[in-house]
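Given next are the chains, with one letter for each unit.
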Amino acid sequence: MTTAAQLAKTALANPGTTADGTTYAVDGTAYASLDADRTVHLRLPGSEADDLVRQEAAAERTSDGARVPVAGIGGQALNYWVRRAWLAAAPAGLAAQAEAADRAGTGQVGDLPAAIGRPATRALANAGITTLAQVKVLTDAELGALHGVGPKAVRLLREAAEG
């Protein structure tokens, strides 16, 4: 069972996302929301909305996507479908940057050290952070707030930026 907190964390992990209560938008376009009856509304292209309905028994089609009770979808599935909704709503350049970040491997992004691992590399690239010079201007809290960047990655980034 997923929660409203997981929806918020998942949505806000996408670059450029803003929140107005429990509605999440990118570039002014809402792509996910949670209503009072704890149903997640995802704005998806037709074929993807159809896929969601086929894959999730509790989901139903809407005119602009699909809806599913938050308790009726697993965490990984929610993460996937929120990301798909974000990609559909994001400006082309931002979506392309995020998709490239999703494919990024360790040691393949700018001068970021391979030792930080793939999740941290992807999180940084997703946020547009590709160099140690960019890392230097961020606080440890700002780095750690990126989903996928843990204390070890922050320590390794600091060591690489200072050395």
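Looking at this structure, how should I read the overall build of the protein chain?
Looking only at helices and strands, one finds eight helices and six strands in the protein chain. Its C-alpha atoms give the protein chain a radius of gyration of 17 Å, within 12% of the compact-globule value 15 Å for 163 residues. In terms of overall dimensions, the protein chain has a C-alpha envelope of 55 × 30 × 25 Å along the principal axes. Relative to all contacts within the protein chain whose residues are 6 or more apart in sequence, the contacts with residues 24 or more apart total 45%. Approximately 8,200 Å² of the protein chain is accessible, and the part contributed by carbon and sulfur atoms is 52%. Placing the 15 positive and 17 negative side-chain charges of the protein chain at their respective mean positions leaves the two points 5 Å apart.

Would you explain the sheet that holds strand β4 (residues 39-43) in this entry?
The pairing of strands in a sheet happens through backbone hydrogen bonds and is either parallel or antiparallel. Pairing is antiparallel across the open sheet formed by six strands, whose spatial order is β1-β2-β3-β4-β6-β5. Strand pairing shows two members of the sheet lacking a second neighbour, β1 (17-20) and β5 (60-62), which therefore form its edges. Each strand axis lies, on average, 25° off the axis of its neighbour in the sheet, ignoring direction. Its contacts with the sheet put helix α2 (residues 46-55) on β4, β5 and β6 (65-69), and the angle it makes with β5 is roughly 160°.

Is there a simple way to explain the environment of G72 in this structure?
Within the element layout of this structure, G72 appears in the loop between β6 and α3 (75-89). G72 gets classed as partly exposed once you look at its relative accessible area, which sits at 30%.

Is there a simple way to explain the layout of surface pockets in this structure?
Empty space left among the atoms is revealed by rolling a probe the size of a water molecule over them. Here the largest pocket defines a volume of roughly 630 Å³. A13, N14, R83, N126 and H147 are, among the 19 residues lining the largest pocket, the residues nearest its centre. Elements with a minimum of two residues in the lining of the largest pocket: α1 (4-12), α3 and α5 (118-126). When its residues are assigned to classes, the lining of the largest pocket shows eight nonpolar, seven polar and four charged.

Honestly, the pattern of salt bridges in this entry has me stumped. Any pointers?
One side chain can pair with another of opposite charge once the charged atoms of both are near each other. Inspection of every chain in the model, using the stated rule, returns seven salt bridges. Between D50 and R61 there is a salt bridge, with its nearest N and O atoms 2.7 Å apart. With D50 in helix α2 and R61 in strand β5, this residue pair connects regions lying 11 residues apart in the sequence. On the basis of relative accessible area, D50 is assigned to the partly exposed category, the value being 31%.

How should I be thinking about the side chain of N126 in this particular structure?
Following the sequence through the fold, N126 ends up in helix α5. The exposure class of N126 is buried, given its relative accessible area of 10%. Apart from the residues within four sequence positions on either side, N126 is in contact with A13, P15, R83, Q97, A98 and A101.

How should I be thinking about the packing of aromatic side chains in this particular structure?
This structure, assessed with the given rule, holds one aromatic pair. For the pair Y80 and W81, a centre-to-centre distance of 4.8 Å together with 85° between the ring planes defines the contact as edge-to-face. Of the residues examined, Y80 reaches a relative accessible area of 45% and is grouped as partly exposed.

Calculation criteria
Residues numbered from 1 in each chain as written. Predicted model: local features only at pLDDT ≥ 70, side-chain atom pairs only at ≥ 80, totals over all residues. Heavy atoms only, no water. Helix = DSSP H or I, 4+ residues; strand = E, 2+ residues; numbered from the N terminus. Rg over C-alpha atoms; globule rule 2.2 N^0.38 Å. Contact = heavy atoms within 4.5 Å. Areas by Shrake-Rupley, 256 points an atom, 1.4 Å probe, with all protein chains shown as cover. Lys, Arg positive; Asp, Glu negative; His and termini not counted. Charge placed at Lys NZ, Arg CZ, Asp CG, Glu CD. Pairing = 2+ DSSP bridges. Axes fitted to C-alpha atoms, helices over the stretch in contact; angles between N-to-C directions. Buried < 20%, exposed > 50% of the residue type's maximum accessible area, 1.4 Å probe, protein only. 1 Å grid on protein atoms, 1.4 Å probe; cavity = no way out; pocket = protein on both sides within 12 Å on 5 of 7 lines; lining within 4 Å. Points joined across faces, edges and corners; volume = space filled by probe spheres on them. Nonpolar A, V, L, I, M, F, W, Y, C, P; charged D, E, K, R; others polar. Salt bridge = Lys/Arg side-chain N within 4 Å of Asp/Glu carboxyl O. Phe/Tyr/Trp six-rings, centres within 6.5 Å; stacked < 30°, edge-to-face > 60°.

Read these as spatial facts, not as claims about activity.
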